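# Notes for the structure review
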Amino acid sequence: MDASDRWKRAAALRAVELVESGMLVGLGTGSTARHFIADLGARLSAGELGDVRAVPSSEESERQALALGIPIVDLPAEGLDLAVDGMDEVTDELDAIKGLGGALTREKIVASAARRFVLIGDDRKRVARLGERAPLPVEVVRFGVNRTRALLRELGAEPELRGGAQTPAVTDNGNLIVDLRFDGPFDAAAVAEALAAVPGVVEHGLFLGMAERAFIAGEAGVTELVAPSS
Ligand code: 5RP
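So, here's what we can say about the structure. (Residues numbered from 1 in each chain as written. Predicted model: local features only at pLDDT ≥ 70, side-chain atom pairs only at ≥ 80, totals over all residues. Heavy atoms only, no water.)

### Digging into the pairing of strand E8 (residues 157-161)
Applied cut-off: Three labels apply to residues, based on accessible area from a 1.4 Å probe with only protein chains included: buried if under 20% of the type maximum, exposed if over 50%, partly exposed otherwise in between. Note on conventions: DSSP H or I runs of at least 4 residues are helices, E runs of at least 2 residues are strands, and numbering of each starts at the N terminus. Here, a strand pair is defined by DSSP locating no fewer than two bridges between the strands.
Side chains Ala 157, Pro 159 and Leu 161 of E8 all project onto a buried face; the interleaved residues Glu 158 and Glu 160 project onto a face where none is buried. Where E8 meets strand E9 (residues 176-182), five bridges bridge the pair, whose relative direction is antiparallel. Counted as the bridge partner of Glu 160 is Asp 179 from E9.

The following block contains the structure:
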């Protein structure tokens, strides 16, 4: 395990401590969420936790959870107790960009259904403003994708079809991903509102005001950030 992987695991271990027996838990997607799922599975099989059921945010996380014997259920109407996921960027206010792994739509459905949404990651994901390093992923339907891209360009971003036109990346929902790169700082709340109004956009990777806390690990250990509103 390299340093970055050790940090991801350290952050995931702190989040697993929030899981209690009987909980319905949302499982994120990606290399950090993978550690969380692995540790959750280990605690269940060791008998340290019981009666935990999970809702995965991707087929990949579902396969991992099933292999570990974590019971999987459909997302119930009443929502979830807790959801834990990685991120591509996070600010000190816990606004985040997600979706480099392509699972943003299910991740947002799961995160927004949870009474507590917790982010985990290593400290290379911390930014002063969103978009500093990562593009902003947007899931779009296939139909009319060129028109949708033109509308996305009007938001002031360069819209790149993930995977390219010949071999586009396809999400678990059968849709495409357009990665938006802005030239400089952008108003995340205004962009989120504008994206929601673009026909063809299924979901975007701005997770604003959703996380209750974040565990961010690095050389100096795990830092816990708590949302201003918590
Ligand atoms: C997937 C995601 C991931 O949570 C995000 O990309 C972080 O992944 P990793 O933990 O591998 O760095 O949003 O859609």
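Picking up after the structure, the text goes on.
### Quick look at the packing of helix H1 (residues 3-16) against helix H2 (residues 31-45)
This is how it is decided: Fitted lines through C-alpha atoms serve as axes, helices being fitted only where they are in contact, and the angles separating the N-to-C directions of these axes extend from 0 to 180 degrees. Reported orientations rely on four angle classes, namely roughly parallel under 35 degrees, roughly antiparallel over 145, roughly perpendicular from 65 to 115, and oblique for the rest. Each helix crossing is assigned a hand: it is left-handed if the near helix lies turned anticlockwise from the far helix by less than a right angle, otherwise right-handed if that turn is clockwise. Residues are treated as being in contact if the distance between any of their heavy atoms lies within 4.5 Å. When residue character is reported, Ala, Val, Leu, Ile, Met, Phe, Trp, Tyr, Cys and Pro are called nonpolar, Asp, Glu, Lys and Arg charged, and the others, Gly included, polar.
Axis separation between H1 and H2 bottoms out at 8 Å; the angle between their running directions is 50°. Compared by their axis directions, H1 and H2 come out oblique. Seen along the crossing, H1 lies across H2 with a hand that is right-handed. Between H1 and H2, the residues in contact are Asp 5, Lys 8, Arg 9, Ala 12, Leu 13, Ala 15 and Val 16 and Ser 31, Thr 32, His 35, Phe 36, Asp 39, Leu 40 and Arg 43, respectively. Split by residue class, the contact of H1 with H2 holds six nonpolar, three polar and five charged.

### With respect to the environment of Ala 114
Mapped onto the elements, Ala 114 comes out in strand E6 (residues 114-122). Apart from the residues lying within four places of it in its own chain, the contact partners of Ala 114 are Leu 80, Leu 82 and Ala 83.

### Let's talk about the packing of aromatic side chains
Applied cut-off: Note on ring pairs: Phe, Tyr and Trp rings are taken, using the six-membered ring of Trp, and paired if centres are within 6.5 Å. Classes follow the plane angle, with under 30 degrees stacked, over 60 edge-to-face and the rest tilted. Whether a charge sits over a ring comes down to the Lys NZ or Arg CZ being within 6 Å of the ring centre and within 35 degrees of the ring normal.
Inspection of the entire model under this criterion finds two aromatic pairs. Their ring planes at 25° and their centres at 4.2 Å tell us that Phe 182 and Phe 186 sit as a pair that is stacked. Take Phe 182 and Phe 186: they sit in the same class, and that class is buried. The ring of Phe 207 has Lys 98 lying over it, and the distance from NZ or CZ to the ring centre is 5.7 Å. For the cation-ring pair, Lys 108 lies above Phe 207, with the distance from its terminal atom to the ring centre recorded as 5.0 Å.

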